[in-house]
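Coordinate inspection notes
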Amino acid sequence: MSEENVLISTRSLTKRFGSKEVLRGIDCDIKMGEKVAIIGPSGSGKSTFLRCLNLLEVPSGGTVTVNGELLFGSDMVEKGDSLAAIKKQLHDLISGEYSEEVRTHREEAEGVKEDIRRAKEELGDIKTSIKLLALKEKRSRGTAAKKTVESGTSESKDTDGSISSRLEAARAAYTAKKADIASLSQKLAGINAKIKQKKAEARGAADREEIARLTLAKREAAQEFRMAKRGHAAAMKRTNAAIDEHRRNMGMVFQHFNLFNNLTVMENIMLAPVALGEKDMNKKRGELLKRKLLGEDVSEELAALPSRLEIEENAKTRAKRLLKRVGLEDKADVYPSTLSGGQKQRIAIVRALAMNPRIMLFDEPTSALDPEMVGEVLEVIRELAEEGMTMVIVTHEIGFAREVATRVLFIDEGVIKEDAPPKELFGNPKDSRLKEFLSKVL
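Throughout this document, residue positions are counted from 1 along each chain, in the order its sequence is written. Per-residue local features are limited, in this predicted model, to residues with pLDDT of at least 70; the limit for side-chain atom pairs, both in listing and counting, is 80 or more; totals at the level of whole chains, interfaces and linings are taken over all residues. Side-chain numbers come from the whole structure's heavy atoms, not from hydrogens or water.

Points about helix α1 (residues 46-53)
When a residue's accessible area, from a 1.4 Å probe over protein chains only, is under 20% of the maximum for its type it is buried; when over 50% it is exposed; and in between it is partly exposed. Helix and strand definitions follow DSSP, with helices as H or I runs of at least four residues and strands as E runs of at least two, each counted in order from the N terminus. α1 sits mainly inside the fold: seven of its eight residues count as buried. Every buried residue of α1 is accounted for by Lys46, Ser47, Thr48, Phe49, Leu50, Cys52 and Leu53. In the stretch just after α1, Leu55 is the one whose phi turns positive, near 60 degrees.

Pasting the structure below:
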């Protein structure tokens with residue numbers, strides 16, 4: 001297919017949540033008429049990638065192009081990483097942290113800190129045991145004294161000898177553990193003293209020319225980062241202005257239906273078409289009135305604008321047609337709480353189709369369903385595929401992906417590790433991680 005057939009394209013797409021990098025540079029083209037299934041282990045970035053396509057998740061870097069128009073593009077995070085790396089190099093050189101001896105001692109210190117942390121946890125457990133044993137011993141002595149009085153004898157019996165011995169052992173363990181912690185703390189202080197000494201030696205031996213070079217590089221990287229931030233802000237402004245228009249062409253079906261329980265099925269389906277229809281009408285009316293103020297005759301165009309009632313009727317007609325298509329025309333006036341999981345998901349698909357999208361995105365549409373309800377939802381998706389709808393489906397239904405998809409992407413650790421037709425990908429997998437994954441799910 002030519003480039004004209006590409007509906008969505010991503011290049012070097014990345015996404016981070018804090019320090020966790022979920023997507024690590026994805027290049028992908030989704031072409032008109034394709035049915036692309038995305039498979040992979042949980043946490044691999046499949047759903048995040050799908051949500052980045054319509055910017056429900058704003059990417060951290062890379063580009064997203066829709067219908068040949070740049071929807072998102074930014075290198076701010078990449079420039080920020082470069083600046084951070086130079087800053088760290090410069091800091092390590094100036095502070096002496098670059099020294100191999102310092103690094104070795106740092107690792108040793110971290111090991112001792114972990115030992116101290118574990119020892120303190122153990123000390124806390126021992127302390128709790130001592131409190132419980134002391135309480136048991138007190139109760140045991142009280143019970144023994146009461147029995148002696150009731151029997152009328154002066155016979156004494158050590159009913160709590162076992163508890164007493166355990167308590168004594170626990171107290172000894174507590175003392176020993178405190179001594180261990182004190183010894184470890186002393187060891188850590190010695191290591192920190194060595195670190196301080198070695199850092200001072202490293203600072204004196206630092207390469208002054210390298211420090212000067214890194215200082216200049218830091219200034220240049222900081223300037224590039226500032227420019228990237230400004231570029232990112234401008235890009236997001238353009239993106240926010242265009243996103244609604246692009247999302248009209250991208251229907252989205254989620255794992256968990258996301259129907260409004262206070263609205264009927266019909267009202268759920270009509271909500272977006274009516275709201276956007278009115279928005280378009282008001283925007284067009286505003287443009288016509290501006291032209292009218294400039295002296296143009298726009299009376300015919302104003303008269304041709306649909307009324308709110310016409311917009312609602314058109315949305316209702318399409319909603320009824322779509323409900324009939326999925327066999328739920330009799331559920332138009334009921335509330336979602338009365339529907340089964342499979343019915344809710346079919347309604348969610350209808351709601352997305354009501355916008356007449358060019359591409360449908362499915363985020364594990366059957367994962368929240370009982371096994372007996374999966375088939376009815378997959379059947380609707382299968383029918384859409386047969387009619388030529390362009391689709392991207394994140395799924396764990398491997399058999400369905402093999403049957404319906406024209407391409408299958410295997411995503412793992414935030415990258416596409418294999419991209420091939422289903423017959424090739426499932427029949428002759430090349431990536432070792434994919435082979436391992438398929439061995440567990442097939």
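Having put the structure on the table, let's press on.
Quick look at the pairing of strand β4 (residues 61-66)
In terms of burial, β4 is largely enclosed, as five of its six residues are buried. Two strands form a pair only when DSSP identifies at least two bridges running between them. Sheet analysis places strand β1 (residues 6-17) next to β4, joined by five bridges and oriented antiparallel. Opposite Arg11, over in β4, you have Thr63 as the bridge partner. Inspection of the sheet shows β4 paired to strand β5 (residues 69-74) by five bridges, in the antiparallel sense. Within the sheet, the bridge partner assigned to Thr65 lies in β5 and is Leu70.

A few points about the nonpolar core
Among buried residues, the Ala, Val, Leu, Ile, Met, Phe, Trp, Tyr and Cys ones that are joined through side-chain atoms within 4.5 Å form a nonpolar core. In terms of nonpolar packing, the biggest core is built from 39 residues, with Ile349, Met360, Phe362 and Met391 touching the most fellow members. With eight residues, the top contributor of residues to this core is helix α10 (residues 371-386). The residues touching Phe362, leaving out its near neighbours within four places in the chain, are Leu50, Val253, Ile349, Ile381, Leu384, Met391, Val392, Ile393 and Val394. Counting residues in each nonpolar core, the second largest holds 29 residues, with Leu23, Ile38, Ile359 and Leu361 among its members. We call two residues in contact whenever any of their non-hydrogen atoms come within 4.5 Å of each other.

Considerations on the sheet that holds strand β10 (residues 415-420)
With mixed pairing, the six strands of this open sheet are ordered in space as β6-β7-β8-β3-β9-β10. Two strands in the sheet have a free side with no partner beyond their single neighbour: β6 (250-253) and β10. The mean inter-strand angle of the sheet, taken between neighbouring strand axes irrespective of direction, is 15 degrees. The sheet contact formed by strand β7 (residues 359-363) and strand β8 (residues 390-394) spans five bridges and is parallel. Note that in β8 the partner of Met360 across the bridge is Met391. Across the sheet, helix α9 (residues 341-353) is in contact with β6 and β7; its angle to β6 comes to roughly 165 degrees. Contacts between α10 and the sheet are confined to β3 (35-39), β7 and β8, with β8 contributing the most and set at about 145 degrees to the helix. Axis definition: a line fitted to C-alpha atoms, limited for helices to the stretch in contact. Angles are taken between N-to-C directions and run from 0 to 180 degrees.

Notes on the pattern of salt bridges
Only one rule defines a salt bridge in this text: a Lys or Arg side-chain nitrogen within 4 Å of an Asp or Glu carboxyl oxygen. Tallied over the entire structure, the rule returns 34 salt bridges. Asp29 serves as the salt-bridge partner of Arg11, at 3.1 Å between the closest nitrogen and oxygen. Linking Arg11 in strand β1 with Asp29 in strand β2 (residues 20-31), this pair joins segments that are 18 residues apart in sequence. A relative accessible area of 36% places Arg11 in the partly exposed class.

Digging into the pairing of β6
Taking every second residue as pointing to the same face, both faces of β6 are buried, with Met250 and Met252 on one and Gly251 and Val253 on the other. Examined bridge by bridge, β6 and β7 share four bridges and lie parallel to one another. Directly across from Met252, in β7, lies its bridge partner Leu361.

Considerations on unusual backbone geometry
Not every positive phi belongs to a glycine, and Leu55 is a case in point at roughly 60 degrees. Looking at where Leu55 falls in the secondary structure, it is placed in the loop between α1 and β4. With relative accessibility at 6%, the residue Leu55 sits in the buried group. A positive phi angle, near 55 degrees, is found at Asn356, a position not held by glycine. Mapped onto the fold, Asn356 is located in the loop between α9 and β7. In this structure Asn356 comes out as exposed when scored by relative accessible area, which is 55%.

Quick look at the packing of aromatic side chains
Stacked, tilted and edge-to-face pairs are distinguished by plane angle, under 30 degrees for stacked and over 60 for edge-to-face with tilted covering the rest, among Phe, Tyr and Trp rings (Trp via its six-membered ring) whose centres lie within 6.5 Å. A complete count under the given rule lists one aromatic pair for this structure. Ring-over charges, as used throughout, are those where CZ of Arg or NZ of Lys falls within 6 Å of the ring centre and within 35 degrees of the ring normal. Over the aromatic face of Phe17 sits the side chain of Lys15, whose NZ or CZ is 5.0 Å from the ring centroid. For the cation-ring pair, Arg402 lies above Phe426, with the distance from its terminal atom to the ring centre recorded as 5.0 Å.

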